[in-house]
Structure formats: C-alpha cells, structure tokens
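# Understanding the architecture of this molecule
Here is how the chains run, residue by residue.
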Amino acid sequence: MSTHATVSTTAPPDSPPADRRRWWALAAVCLSVLVLGFDGTILNVALPDLAVQLHATTDQLQWIVDAYLVVFAAAMLPAGLLGDRFGRRRLLVGGLVLFGAASLVGTLVHSADTLIAVRAVMGLGGAFIMPLGIAILPSLFAPAERPRAVAVMTAGMAVGMPLGPMLGGLLLNHFWWGSIFLINVPLIAVGIVACLWLIPESRDPAVPRVDVLSAAIGVLGLAALTFGIIQGPTDGWGSATVVGSLVAAVALIGGLVWRERSQPHPMVDFTLLADRVYRWSTVASVLVSFSLMGALFVLPQYLQSVLGNDALGTGIRLMPLMGGLLVAARLAERLVEKLSVRWVVSVGMLIVAGALLLGATTTVSDGYGLTAVWLSLLGFGMGFTMVPAMGAAMAALPDERAGVGSGLLQTLRQSASAIGVALLGSLLAGAYTARLHTGQLPAPLAKTAQGSVSAAQAVATQLHDTALAASAHAAFVHGMDLVLLACGIGSALSAALLALRMPGARAGAGTGAGTGTGAGTGAGMGTEEVAGAAGAAGAGQSLT
C-alpha cells in the first residue's frame with residue numbers, strides 16, 4: 001500500500017537536524033509532488049485538443065485519463081514496501097526519473113494509443129512519488145514539527161491544481177498539445193537534483209517482502225474492470241469481450257480481497273474497515289471522488305466544443321470549483337467543532353448532489369452563468385465532504401496503523417476516480433452517439449464525428465455544416481446532463497446513507513484528535529491541522 005510500511009515502520013529522529021537544510025529538503029519534496037498536481041488538471045483542459053489532433057475517440061480519451069489512474073492506484077500497493085526495503089530517496093528519485101522520461105516521450109507521440117501507454121508509465125512513476133514523498137518526512141522532522149511539514153507538503157501539491165488549467169491554457173494557446181507534458185521536465189529535473197543533494201537516505205530492511213502476486217492481481221483486476229466498462233458502449237454490453245473482462249475483474253478483485261485477508265502482513269489491510277468512523281469516512285471520500293471525476297471529464301469538452309472557449313478560457317472558467325473548495329475547507333474546520341463530522345459530511349454531500357442536479361438542467365442555449373453557479377456549489381460541497389472525512393478517517397486509527405490507513409484510503413480514492421471516468425464516460429459516449437445525426441455524411445466522416453464532440457465540431461467546421469455542429473452540441477449536452485444527473489442522484493443517496501450510518505463524532509473524537517506521529521496521515525495533529533492538511537491533500541489529489 002502506498003504508505004503503509006513507509007510511515008508506520010520508520011523510526012523518526014527525536015529531534016530535527018540542527019540546520020535549516022530540512023526545510024530546503026521539504027521544498028524539494030514539495031517540488032517533486034507539484035508535478036502530480038499540475039498533471040491532472042492540465043490534461044483535462046487538453047482533452048478537446050487531443051480529440052482533434054490525435055483523432056482520439058471518447059473511449060480513447062477515457063483511457064488517456066484512466067491509464068494513469070489505474071496504474072497509479074494499483075502500483076501504490078507495493079511502492080511503500082519497495083521504498084522501505086531498498087531506500088526511500090532512491091525510489092523517489094527513480095519515480096521522478098520515470099515520470100520525467102515518460103513526460104518527455106509524451107511530447108513526441110502522434111497517436112492516441114501511444115499516449116495511453118505513456119500515461120500508464122507516468123502513473124507508475126507517480127505511484128512512487130506520492131507515497132515516498134510523504135514517507136521521507138519522518139527522517140527529516142521530529143514529531144513536534146511534522147504536522148507543519150505535512151501541511152506544507154500537501155499545500156504544495158494543492159497549488160498545482162488551480163494553476164494547472166490556467167498554465168495548460170496558456171501553453172495550448174501558444175504551443176502544440178505536447179507542451180502540457182514538456183512543462184513537467186524542468187520541474188522534475190530540479191526536483192531530482194534537490195532530492196539527491198538535500199534528502200538523506202532512509203530504509204527499513206525489516207519490512208515484509210513485496211507480495212508480487214497480490215500486486216499483479218490488483219493491477220489486472222482494476223484494468224479489466226476499467227476496460228470492460230469503457231468498451232461496453234462500443235462493443236455492446238453483451239459482447240464476449242466486455243462480459244469476459246467484467247467477469248475476470250470480479251474474479252481478480254475478489255481473489256485479491258481473499259488473499260490479502262489471509263496474509264499475516266497484507267499490502268491491503270481490509271480489516272481497517274471494521275472501524276466505523278474510518279469505514280464511513282473512507283466511503284464519503286470515495287463517493288465524492290467518483291462524482292468529481294465524472295464532472296471534470298465532461299466539463300472541459302463542454303466549455304470548449306459547445307461554448308467555444310479556448311484552452312486558457314476553459315482553465316479560467318474552471319476556477320469557481322477551486323474557489324468554492326477553498327472557502328468550504330476553512331469553514332468545515334469550525335463547523336465540525338460545533339456540530340459533528342457526520343452532519344458536516346452529509347450536508348456537504350447534499351450540496352454536491354444539488355450542484356450536480358442543477359448542472360443536469362443545462363441546455364444548449366445556456367451560457368456560462370449557470371455553469372459558474374453549479375461549479376461553485378460543487379466545490380463548496382467538496383470542501384465540506386473531503387476535508388472532515390479525510391481528517392476523521394485518519395484520526396480514527398491508532399498511531400501504528402496510520403500509514404496503512406492512509407495507503408488504503410488513497411488507493412480506494414484513486415480506484416474510484418478511474419472507475420468514475422470509465423463508467424460515466426461510457427454513459428456519455430452511448431448517449432452522444434445515440435443522439436447524433438450525421439445526415440448524408442460519408443461513412444468515414446460520420447465515424448469520425450461519432451468519436452467525440454470535438455471531432456464532430458472539427459468536421460462541421462471543415463464542411464461548413466451548421467446542422468452537424470448543432471446536432472453534435474445537442475447530443476453532447478444531452479449526454480453531459482445524463483452524467484451529471486447520475487452523479488447527482490448517487491450523491492443524494494450517499495448523503496442519506498452517510499447521515500444514517502456514519503458515526504456522529506465531534507472534532508475531538510474524530511477529526512484530528514489523534515495523538516500519534518503518523519506523518520502525512522493526520523495522526524498526531526490537532527483538529528485545525530488535520531483539516532488543513534486533509535483539505536490540501538484532498539484538493540491536490542482529487543484529480544491525479
């Protein structure tokens with residue numbers, strides 16, 4: 001699991017280093033994880049350009065996003081153990097090298113399928129960067145300083161989220177689409193040099209060996225599930241390929257759960273879910289991640305292909321989401337102290353539901369005003385849901401299991417994000433194709449137009465076919481509304497479920513009153529520190 005061994009098995013120093021190098025080392029770690037914050041949001045803004053320039057269909061766009069998420073989620077299983085055994089700094093630098101090399105190759109590819117492969121390699125690099133960046137902190141900071149270091153690191157990653165769309169828009173307005181990956185290279189180069197110069201090596205050879213079989217089962221199971229969902233609208237849900245993939249996914253994931261429950265030192269410790277506070281806080285984090293990914297998959301395409309904004313304009317128009325999240329993250333700290341985690345999270349999920357249901361009323365004739373309103377509400381609901389839920393989940397665990405719990409929480413969130421893109425993207429693709437009228441277009445052009453709304457817009461512009469453009473816009477908005485409706489209904493049901501089942505822990509009992517040293521997890525922080533760190537982590541990792 002991502003941090004289960006790295007945090008919990010480290011014996012941190014009782015006092016920090018005497019000089020200020022530890023803070024410069026923290027800056028190096030922040031720079032290392034900053035690229036992960038950039039990567040997710042920059043890519044979302046670039047999806048319409050990729051659809052046109054690489055002739056990518058909707059299912060290929062899904063894979064460009066999901067190849068990263070699937071590998072990232074599954075590879076976090078063994079990453080922490082490998083770092084403990086062979087050196088955390090060494091494998092952090094290795095992850096940076098892999099991520100940087102893949103980013104460089106990504107600028108040169110000319111096909112969607114090749115880019116999917118590149119994104120998978122980037123996911124593998126990211127799987128080492130995130131957990132090992134957190135795991136290094138105990139070797140740099142004493143327990144008293146560690147909460148501050150955690151908050152600084154997670155806030156450093158969160159910076160990449162709002163800057164990503166604007167930076168991506170600037171790059172796409174002036175350079176080719178590959179520039180969104182090229183920007184990673186200098187940041188990573190500086191990060192590698194800084195890590196080698198400033199961060200001491202640390203390891204724990206006594207940790208259990210990596211269970212290669214469990215790691216392989218996790219990758220294959222999540223990949224099979226994602227593949228089956230994405231291919232459903234294209235091949236048919238009853239096709240042998242789709243049915244076989246879904247059956248294999250159930251068997252593999254079920255086998256992973258059975259195997260891990262029988263291991264004395266599992267990589268995925270499902271027994272943690274027996275704790276009600278941790279279980280339902282994790283459920284809340286997973287559900288809001290699922291809904292968020294659905295919204296962010298459809299929005300850039302809507303803003304660019306239907307409303308006609310350029311990439312920079314699209315990035316700026318996504319900012320209300322971040323604004324609402326940041327405001328709510330601060331309010332959530334105070335509300336949890338006065339009420340309880342259960343009610344703040346439930347109300348947050350209800351706000352998410354209301355925002356998505358409002359977005360589902362969008363018509364082709366609507367401008368950006370309605371989108372700005374429901375985006376702000378969505379960010380507000382996310383801040384109320386993600387911040388206290390993550391803080392409560394980590395504070396519910398004893399110190400010695402904080403790393404395990406952090407890893408399980410992040411893996412489940414990343415998996416939910418991947419499944420969200422696959423499932424909701426498939427719903428969009430099916431609805432769009434069913435509603436699109438291609439008229440008397442030649443078969444090759446009709447097939448291109450059916451691939452995505454961006455491709456249809458390009459064909460319509462080339463042929464000066466206003467009817468095709470209007471049909472594509474209407475079909476896409478219909479599909480987007482269905483996606484938002486499904487997410488809204490799911491969020492409303494989730495709010496009711498959380499209100500009924502989630503324990504009603506107040507701030508002192510469930511949002512950060514832990515007393516341990518679990519770096520990077522929230523254990524050992526006060527209520528405000530947990531909420532701040534969890535809020536930054538939630539903001540920075542929601543899209544990666």
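In this numbering scheme, every chain counts its residues from 1 along its sequence in written order. With the structure being a predicted model, the display of local features is reserved for residues of pLDDT at least 70 and the display and counting of side-chain atom pairs for 80 or more, all residues being used for whole-chain, interface and lining totals. To get the side-chain values, all heavy atoms of the structure are used, and hydrogens and water are removed first.

Filter applied, for reference: UniProt positions are given in the numbering used here, feature names are shortened, and annotations may be inferred rather than shown by experiment.
For the chain, the name recorded in an unreviewed UniProt entry is MFS transporter, with Streptacidiphilus fuscans as its organism. Per UniProt, the comment on the chain under Subcellular location (unreviewed entry) is "Cell membrane".

## As for the packing of aromatic side chains
Which entries qualify depends on this criterion: Here is the rule: rings of Phe, Tyr and Trp (six-membered ring for Trp) pair when centre to centre is within 6.5 Å. Planes less than 30 degrees apart are stacked, more than 60 are edge-to-face, and the remainder are tilted. Helix and strand labels come from DSSP, where a helix needs a run of H or I of at least four residues and a strand needs a run of E of at least two; each type is numbered from the N terminus. Classification of residues uses two cut-offs on accessible area relative to the type maximum, computed with a 1.4 Å probe and protein chains only: under 20% is buried, over 50% is exposed, and between them is partly exposed. Charge-over-ring placement is defined geometrically: NZ (Lys) or CZ (Arg) within 6 Å of the ring centre, and within 35 degrees of the ring normal.
Enumeration according to the criterion identifies 4 aromatic pairs in this entry. Taking the centre distance of 6.4 Å and the plane angle of 40° together, the rings of W63 and F227 count as tilted. Residue W63 is found in helix α3 (residues 58-86), and its partner F227 is found in helix α10 (residues 212-235); the two are separated by 164 residues along the sequence. When its relative accessible area of 16% is taken as the criterion, W63 is described as buried. Measuring from centroid to centroid gives 6.2 Å for W177 and F181, while their planes differ by 90°, and the two rings are edge-to-face. Each member of the pair, W177 as well as F181, carries the same accessibility label: buried. Directly above the aromatic system of Y368 lies the positively charged group of R317, at a separation of 5.6 Å from the ring centroid.

## Topic: unusual backbone geometry
With glycine set apart, most residues show a phi of negative sign, and most peptide bonds adopt trans. Of note, the phi angle at H55 is positive, near 55°, even though the residue is not glycine. Mapped onto the elements, H55 comes out in the loop between α2 (21-53) and α3. In this structure, H464 takes a positive phi of about 55° despite not being glycine. Structurally, H464 is set in the loop between α19 (453-463) and α20 (466-501). Note on H464: relative accessible area 71%, which makes it exposed.

## What about the packing of helix α4 (residues 88-106) against helix α5 (residues 112-135)?
Rule in force here: The axes are straight lines fitted to the C-alpha atoms, using for helices just the contacting stretch, and the angles between their N-to-C directions are given from 0 to 180°. Angles are sorted into four bins: roughly parallel if under 35 degrees, roughly antiparallel if over 145, roughly perpendicular if 65 to 115, and oblique for all others. Take the far helix as the reference: if the near one is turned anticlockwise from it by less than a right angle, the crossing is left-handed, and if turned clockwise, right-handed. By definition in these notes, contact holds between two residues if any of their heavy atoms fall within 4.5 Å. For this classification, the nonpolar set comprises Ala, Val, Leu, Ile, Met, Phe, Trp, Tyr, Cys and Pro, the charged set comprises Asp, Glu, Lys and Arg, and every other residue, Gly included, is treated as polar.
At a minimum axis separation of 8 Å, α4 and α5 run at an interaxial angle of 155°. Between α4 and α5, the crossing angle belongs to the class labelled roughly antiparallel. For the crossing formed where α4 meets α5, the hand is left-handed. Residues R88, L91, L92, G95, L96, L98, F99, A102, S103, V105 and G106 of α4 touch α5, and the partners they reach there are L115, V118, V121, M122, L124, G125, G126, F128, I129, L132, G133 and A135. A breakdown of the residues in the contact of α4 with α5 according to their chemical character gives 16 nonpolar, 6 polar and 1 charged.

## As for helix α14 (residues 319-338)
As a reminder, the rule being used: Working rule for helices: expected span equals 1.5 Å times residues minus one. Fitting axes to the seven residues ending at a residue and to the seven starting there, one defines the bend at that residue as the angle between these axes.
Taking 1.5 Å per residue as the helical rise, α14 with its 20 residues ought to reach 28 Å, and the 29 Å between its terminal C-alpha atoms agrees with that figure. The sharpest bend along α14 reaches about 30° and sits at A332. Three or more residues of α14 are buried, namely L321, M322, G324, L325, A328, A329, A332, E333 and V336.

## As for the packing of helix α12 (residues 276-306) against helix α15 (residues 341-359)
Where α12 meets α15, the axes come as close as 11 Å, and the angle between the chain directions of the two elements is 15°. By the angle between their directions, the pair α12 and α15 is classed as roughly parallel. The chirality of how α12 crosses α15 is left-handed. Of the residues in α15, those touching α12 at A284, L287, V288, S291 and A295 are V345, M349, V352 and L356. Class assignment of the residues belonging to the contact of α12 with α15 gives a composition of 8 nonpolar, 1 polar and no charged.

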